[in-house]
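Tertiary structure, described
This is what each chain is made of:
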Amino acid sequence: MTPNARFEAAIALLDAIAAAPRKPADAVANDFFRSRRYIGSGDRRAVSDQAWSVMRQHRRLTWWIERAQGQASGRMLVSAAAVLGGQIYGDVCAMFSGGKYAPQPLESDEAETLRRLKDHTIEHPAMPPAVRLEVPDWIYPLLEARFGAETDREVAAMLTPAPLDLRVNMLKGTRQQAMDALAAEGIAAKSGRFSPWGLRVEGRRPVVTGEAFQSGLVEIQDEGSQIVALMAEPQPGLRVLDYCAGAGGKTLAMAMMMENKGHILAADTSAPRLDGAVRRLRRAGVHNVEQHLLVPGDGKWAKRRRETYDRVLVDAPCTGTGTWRRNPDARGRLTEQDLSELVVKQASILQEASRFLRKGGRLVYATCSVLPAENEEQVQRFLAANEDFALVDPGRPEAAKLARNGMVHLTPASHGTDGFFAAVLERK
Ligand SMILES: C[S@@+](CC[C@H](N)C(=O)[O-])C[C@H]1O[C@@H](n2cnc3c(N)ncnc32)[C@H](O)[C@@H]1O
């Protein structure tokens, strides 16, 4: 593809994303490229990179375009990003050549808007903080309450692209063997900072097509997520309930820690998500996991299992604010109502799941959110209503050293992981 054609494809992709405001951008992008099979993999990556870079600057670009009396269409967003990113105004206008596969020429008002952006950069002192940090207005005070003087540093780090983290599957080999196998595929990886099984891959590499991944020796998993699984301390022989197991990221890590001995019940209300785990479990060589679809009214099922699990992991559905660096479009979709509904849901799931824990057993409550309402406040409310539970320090030293007041808060800026929260609760 010519640079102009890539420019045009990025504009079309951004318009498609804007036309489906409730759909995740990566799902829109999958459909977009599926219907344009003539776009090869290198071009696809370049077009996505350009669109994702615009999404990471969306509020600031819109602010600039509106200030320059324009409309934030895909054409204006892409061209404004180029001009504010330092490309020469005339060169950017020339991209709109109207040639085959190139964008149509700029209208005179579009060219005028763009001209007003000349000699500026994306930042401007008059930008409100929520615009500068690319977050919805309603959430900024919550982030400020959470991070205080560190708000700028913490929230800005949520705008940088996430690294690629792997977990070595000890059922298949050691960390050194995994590093060697990856090196043989031309992929350089170094040990993670916190997880004993973590690897961080340098640069963006196609790990999933390689032998190390296909053979189940490595799995893609953010290091923060590995720490959450580790906090459940699932030893061989125990009975573990993974109550919001989804597609099994933490189930897999726990099965590995249990050396395939004992039993994990991976429960979720979503059949498609549970199905998503099946191939991953097989590839990883895991065979101590049983899946269970939670359905309303299965009281008998629950009654039989009351107080029978040594460990319960509640990886609750949440706002996903901790994963914003992976999904820059998600921040724009999140509403205040989403948050209040999730807080109610999380409290009910935690209460529900806690019934399965035996006396002396440990429950880990976790989210991939950085908001106190979904995290420590949720734990405090639960403890106030359940006197037979107590907050305890994480047992594993890797997690204990990360804990503050007995709870672990991970963030991209402070730990280089996704944002995660986890707390261990023991039944007395
Ligand atoms: C954060 S995701 C889980 C991710 C998964 N543990 C992993 O590590 O890959 C939250 C999960 O909670 C599930 N969920 C939503 N409502 C639920 C409920 N009432 N009970 C149990 N699971 C629920 C969702 O289907 C989703 O799979």
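Residues numbered from 1 in each chain as written. Predicted model: local features only at pLDDT ≥ 70, side-chain atom pairs only at ≥ 80, totals over all residues. Heavy atoms only, no water.

Focus: the sheet that holds strand β1 (residues 164-168)
- What the four strands build is an open sheet, ordered β2-β3-β1-β4; its pairing is antiparallel. In the strand order of this sheet, the two ends are held by β2 (189-191) and β4 (218-220), each with one partner. Across the sheet, the axes of successive neighbouring strands diverge by a mean angle of 35 degrees, strand direction being ignored. (Pairing = 2+ DSSP bridges. Helix = DSSP H or I, 4+ residues; strand = E, 2+ residues; numbered from the N terminus. Axes fitted to C-alpha atoms, helices over the stretch in contact; angles between N-to-C directions.)

With respect to the site of the ligand
- The local shell around the ligand holds 17 residues, among which Cys244, Lys250, Asp268, Arg273 and Asp315 are the closest.
- Between alanine 245 and the ligand, the recorded distance is 3.5 Å, taken from a backbone N or O atom to a nitrogen atom.
- About the coverage of the ligand: the protein hides 82% of its 600 Å² of free accessible area.
- If you list the elements that add at least two residues to the shell around the ligand, you get α14 (249-257) and α18 (336-354).
- Counted by class, the shell around the ligand contains seven nonpolar, five polar and five charged residues. (Near = heavy atom within 4 Å. Polar contact = N/O pair within 3.5 Å; in protein donor to acceptor, adjacent residues only side chain to side chain. Areas by Shrake-Rupley, 256 points an atom, 1.4 Å probe, with all protein chains shown as cover. Nonpolar A, V, L, I, M, F, W, Y, C, P; charged D, E, K, R; others polar.)

Notes on the UniProt feature "binding site: S-adenosyl-L-methionine" (unreviewed entry) in the protein
- Following the UniProt record, one finds the feature "binding site: S-adenosyl-L-methionine" (unreviewed entry) at Asp268, Asp298 and Asp315.
- Structurally, the position occupied by aspartate 268 is in strand β6 (residues 263-268).
- Here glycine 246 takes part through its backbone nitrogen, which lies 2.7 Å from a polar atom of the side chain of aspartate 268.
- Residue position: aspartate 315 is located in strand β8 (residues 309-315).
- Excluding residues within four positions of it along the chain, aspartate 315 makes contact with Cys244, Lys250 and Ala366. (UniProt positions renumbered as here; feature names shortened; annotations may be inferred. Contact = heavy atoms within 4.5 Å.)

Considerations on the packing of aromatic side chains
- Evaluation of the coordinates by the stated rule reveals seven aromatic pairs.
- Pairing tyrosine 243 with phenylalanine 356 gives two aromatic rings, centres 5.9 Å apart and planes at 35 degrees, and the pair type is tilted. Separated by 113 residues along the polypeptide, tyrosine 243 in the loop between β5 (239-242) and α14 and phenylalanine 356 in the loop between α18 and β9 (357-367) bring together distant segments of the chain. With respect to burial, tyrosine 243 and phenylalanine 356 carry one shared label: buried.
- Three or more aromatic residues link up through ring pairs in this structure, and these residues are Tyr243, Trp301 and Phe356.
- Across the ring face of phenylalanine 32, the terminal group of arginine 36 is positioned such that the distance to the ring centre comes to 3.7 Å.
- A cation over a ring is seen here: arginine 239 above tyrosine 309, with NZ or CZ 4.3 Å from the ring centre. (Phe/Tyr/Trp six-rings, centres within 6.5 Å; stacked < 30°, edge-to-face > 60°. Buried < 20%, exposed > 50% of the residue type's maximum accessible area, 1.4 Å probe, protein only. Lys NZ or Arg CZ within 6 Å of the ring centre and 35° of its normal.)

Side note on the packing of helix α3 (residues 41-56) against helix α4 (residues 58-67)
- Contact geometry for α3 and α4: axes closest at 5 Å, N-to-C directions at 75 degrees. Regarding the angle of α3 to α4, the classification is roughly perpendicular. Where α3 approaches α4, its residues Val54, Met55 and Arg56 are matched on the opposing element by His58, Arg60 and Leu61.
- The residue makeup of the contact of α3 with α4, split by class, is three nonpolar, one polar and two charged. (Parallel < 35°, antiparallel > 145°, perpendicular 65-115°, else oblique.)

Re the pairing of β6
- Taken across its six residues, β6 has five buried, putting it largely inside the fold.
- Here four bridges tie β5 to β6, and the two strands are oriented parallel to one another. Note that in β6 the partner of arginine 239 across the bridge is histidine 263.
- Assessed by its sense of winding, the connection that carries the chain from β5 through α14 to β6 is right-handed.
- Relative to strand β7 (residues 289-293), β6 runs parallel, the two being bridged by five bridges. By the bridge assignment, aspartate 268 is partnered in β7 with leucine 293.
- In this view, the connection linking β6 to its parallel neighbour β7 by way of helix α15 (residues 271-284) has right-handed handedness. (Right-handed = clockwise from strand over helix to strand, strands pointing away.)

What about the UniProt feature "domain: SAM-dependent MTase RsmB/NOP-type" (unreviewed entry) in the protein?
- Mapped onto this numbering, the UniProt entry annotates "domain: SAM-dependent MTase RsmB/NOP-type" (unreviewed entry) at residues 154-428.
- For residues 154-428, the helix share is 36%, the strand share is 24%, and the end-to-end C-alpha distance is 36 Å.

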